[in-house]
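Each chain, written out:
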Amino acid sequence: MNPPPPTTELRPASPPTSAKPARPATLPKSSKQRHPVFTGSATTKAPSRTRRAGHAPRPIVADALGALGGLGFGLTLALVVINETPGSLASPGGWFNAAGRLTGFLGSYLMLMMVFLIARIPWLERAVGQDQLVRWHRRIGGWPVIFIALHIVFVTLGYAKMDGVGPLKQLGIFVMHYPDVLASMVAFALLVMVGVTSYRIVRKRQSYENWWAVHLYTYLALALAFAHQVVTGAAFLHHPMSRTFWIAAWVGAALTVLAFRVSLPLIRNARYRLKVVSVTEEVSGVFSIVCSGQKLSRLAVSGGQFFQWRFLTRGLWWQAHPYSLSALPNPPYIRVTVKDLGDHSGSVARLKPGTRVFVEGPYGAFTHHARETNRVVLVGAGVGITPLRAILEDLPTTVDVTVIVRGSNAEDLIHRDEMAALVSQRGGVLHELVGSRHKVKLDAATLRRLVPSIATSDVYVCGPAAFTDHVTATAARAGVREERIHTEVFAF
Ligand SMILES: Cc1cc2nc3c(=O)[nH]c(=O)nc-3n(C[C@H](O)[C@H](O)[C@H](O)COP(=O)(O)OP(=O)(O)OC[C@H]3O[C@@H](n4cnc5c(N)ncnc54)[C@H](O)[C@@H]3O)c2cc1C
């Protein structure tokens, strides 16, 4: 093996820490003192009674849900087509009205699909990952607005022809005499507003909270659109199959949201009753928050997963932010590590012990279940090291592990001692690449040198977006197959 670059600090895994009899952990007295439960050493596992392993993803369920979505799309098209008759098409404005019905139903169906994608359905979350679901949700995003805009144009033209009036007059008749159509116009305006604020350029210029609050109007838009479909949708009213299909689709979407976005989090939080126990500065601007809760041994979570965290204190209770666990739960304790990047992440440093916490999750597919091989390379930088720390703890002992952590200074390496202890316990290899990125390069040659078996390994990457993109491309150049490169990006 070639010697490492001069500015690269290579830390071989240190010998295993001694296994003293464990004592139940007590709370740290000051916020500068690290919570003793999560040091990565075997001696600190004391408080843990049994812990439930995270559920393995079941791609078959996700495939079945995908197939159901495709079937629904086919049915939407088929029901529109079979409900048209030569007579209805030949009547004045018949083709416009048919096109209006097709675009209206397609728009409604895609809107419901978008709701299902972000309904936090656990099987989908585990199999696909929330980042991918959000990407699909966004990709579909513009189409319902386009279809519904076309629906308004076609139906106005169709009815104008039927009534022998101009399109503008017809639009006025709709607004003045059809209350549900007026409601649906409001729904459309809300959808356009949500669409515009979600557009990449506009979204970047506003706070996440603002974007999120505007997004809530989608649910109002859906309720108004539903009223319109029930009252005016000709195919909906007169054809039992259409009626059954659309009622099932709307009720299914509403129940799914209620079940997974409302009831499940409420039930879980009533069970776990999380409270802040300590806040500790790990490195400058990065804080670990340890919470304690009840029955946490029943919480099934995998290393690498995240929760939406809502700290029930003044100024923070109304916003939930995603943070990954920085260690596996050690009942009754659970921990996240947060870097101060803005108003929410900056406020966590001031959380007081005893603050109640409401979490939603666990979410995410960045777990050891995603791997295909028994050789794993974990590559992290900055606060991205934290989920890797939890994955490391969760990997079966039969897996060969190499950890590569990157930082400008050794002091920037978050959970440095814990990583070293965990790597050491399992006989893995730890490489700390310390120095400026220009001097200490993480290119394909370096990767191959540090991990000779890289091409036949699974690679997990987490860090700043540019770092993650760079390591992903570098791993691919070093011969790692695309499906064996697993990433978590800390932004949706
Ligand atoms: C799956 C996932 C896991 C994460 N895990 C961690 C972690 O373990 N530790 C950590 O320090 N950070 C983590 N983050 C990043 C963290 O959520 C953001 O840094 C934090 O929400 C910033 O909020 P803010 O109000 O402090 O800053 P802001 O200035 O409001 O935001 C800074 C950046 O974070 C994005 N952001 C803000 N709020 C959210 C939100 N609720 N959901 C998604 N993106 C948001 C913004 O778009 C912006 O790009 C994670 C993000 C994701 C998506």
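Note that the structure is a prediction, hence the values are computed from the model and not measured. (Residues numbered from 1 in each chain as written. Predicted model: local features only at pLDDT ≥ 70, side-chain atom pairs only at ≥ 80, totals over all residues. Heavy atoms only, no water.)

### A closer look at the packing of aromatic side chains
- Enumeration over the complete set of coordinates arrives at 14 aromatic pairs.
- Plain terms: the ring middles of F96 and F154 are 6.4 Å apart, the flat faces sit at 25 degrees to each other, and that makes the pair stacked. Taken together, the residues F96 in helix 3 (residues 94–117) and F154 in helix 5 (residues 130–163) connect sequence positions 58 residues apart.
- With a relative accessible area of 30%, F96 lands in the partly exposed category. (Phe/Tyr/Trp six-rings, centres within 6.5 Å; stacked < 30°, edge-to-face > 60°. Helix = DSSP H or I, 4+ residues; strand = E, 2+ residues; numbered from the N terminus. Buried < 20%, exposed > 50% of the residue type's maximum accessible area, 1.4 Å probe, protein only.)

### A closer look at a positive patch on the surface
- A contiguous patch of positive charge on the surface is contributed by R135, R138, R139, R200 and K204.
- Elements supplying a minimum of two residues to the positive patch: helix 5 and helix 8 (200–204).
- Looking at the positive patch element by element, the count peaks at 3 residues for helix 5.
- With respect to the helices and strands, K204 occurs in helix 8. (Patch = residues over 30% accessible without salt bridge, like charges linked within 9 Å, V, L, I, M, F, W, Y side chains within 5 Å. Areas by Shrake-Rupley, 256 points an atom, 1.4 Å probe, with all protein chains shown as cover. Salt bridge = Lys/Arg side-chain N within 4 Å of Asp/Glu carboxyl O. Lys, Arg positive; Asp, Glu negative; His and termini not counted. Charge placed at Lys NZ, Arg CZ, Asp CG, Glu CD.)

### Thoughts on the sheet that holds strand 4 (residues 306–311)
- With antiparallel pairing, the 6 strands of this open sheet are ordered in space as 5-4-7-2-3-6. The open sheet is flanked by strand 5 (321–324) and strand 6 (333–339), the only strands paired with a single partner. Strand after strand, the sheet turns through a mean of 40 degrees between neighbouring axes, direction not considered.
- Here 4 bridges tie strand 4 to strand 5, and the two strands are oriented antiparallel to one another. Residue pairing for strand 5: F307 is matched across the bridge by Y323. (Pairing = 2+ DSSP bridges. Axes fitted to C-alpha atoms, helices over the stretch in contact; angles between N-to-C directions.)

### Topic: the confidence of the model for the chain
- The predicted model of the chain averages 88 in pLDDT, with 89% of residues at 70 or higher.
- Averaged pLDDT values for the elements of the chain fall to 41 in strand 1 (residues 9–10) and rise to 98 in strand 11 (residues 458–462).
- Low confidence marks residues 1–31, where pLDDT is under 50. Its contacts with residues over four positions away, or in another chain, come to 60 contacts. (pLDDT = per-residue confidence, 0-100. Contact = heavy atoms within 4.5 Å.)

### Thoughts on the pairing of strand 7 (residues 356–363)
- Burial analysis of strand 7 places 7 of its 8 residues in the buried class, which makes it a mostly covered element.
- Relative to strand 7, strand 2 (residues 274–283) runs antiparallel, the two sharing 2 bridges. Among the inter-strand pairings, L274 is bridged to a residue of strand 7, identified as V357.
- With 5 bridges connecting them, strand 4 and strand 7 associate as antiparallel partners. Counterpart to R310 in the pairing with strand 7 is F358.

### Observations concerning the pattern of salt bridges
- With the rule as written, the count across this model stands at 10 salt bridges.
- One salt bridge connects R481 with E372, and the closest N-O pair in it is separated by 3.2 Å. Of the two residues, R481 is situated in the loop between helix 17 (465–477) and strand 12 (485–488) and E372 in the loop between strand 7 and strand 8 (375–381); the sequence distance between them amounts to 109 residues.
- Through salt bridges with shared partners, a single ionic network connects R335, R389, E393 and E418.

### Here we look at the site of the ligand
- In the vicinity of the ligand there are 21 residues, among which H321, P322, K339, D343 and S345 approach most closely.
- A distance of 2.9 Å is found between an oxygen atom of the ligand and a backbone nitrogen or oxygen belonging to S324.
- Within the contact set of the ligand, a nitrogen atom lies 2.9 Å away from a backbone nitrogen or oxygen of T337.
- For the ligand, whose unbound accessible area comes to 870 Å², protein coverage reaches 84%.
- At 4 residues, strand 5 tops the list of elements feeding residues into the shell around the ligand.
- In the shell around the ligand, the residues fall into 12 nonpolar, 7 polar and 2 charged. (Near = heavy atom within 4 Å. Polar contact = N/O pair within 3.5 Å; in protein donor to acceptor, adjacent residues only side chain to side chain. Nonpolar A, V, L, I, M, F, W, Y, C, P; charged D, E, K, R; others polar.)

### Things to note about a nonpolar patch on the surface
- Taken together, the side chains of L65, L68, L71, L75, I82, W123 and M241 make up a nonpolar region of the molecular surface, amounting to roughly 670 Å² of accessible area.
- Ranked by the residues each element gives to the nonpolar patch, the list is headed by helix 1 (residues 59–82), at 5 residues.
- Among the secondary structure elements, L75 is positioned in helix 1.
- The partly exposed category is assigned to L75, whose relative accessible area is 31%.

### Some words on the nonpolar core
- By size, the foremost hydrophobic cluster in this structure holds 34 residues, and its most contacted members are M111, L112, I140, W246 and W250.
- Elements supplying a minimum of two residues to this core: helix 1, helix 3, helix 5, helix 7 (179–198), helix 10 (217–232) and helix 12 (240–272).
- Here this core gets 10 residues from one element, more than from any other, and that element is helix 3.
- Here W250 is in contact with S108, L112, L222, A225, F226 and Q229, once residues within four sequence places are set aside. (Core = buried A, V, L, I, M, F, W, Y, C linked by side-chain atoms within 4.5 Å.)

### A few points about helix 15 (residues 416–425)
- Of all the 10 residues making up helix 15, 7 are buried; the element is thus mostly covered by neighbouring parts of the structure.
- Where helix 15 is buried, its residues meet strand 6, helix 14 (385–394), strand 9 (400–407) and strand 10 (429–434).
- Positive phi shows up at G427, right after helix 15, with a value of about 70 degrees.

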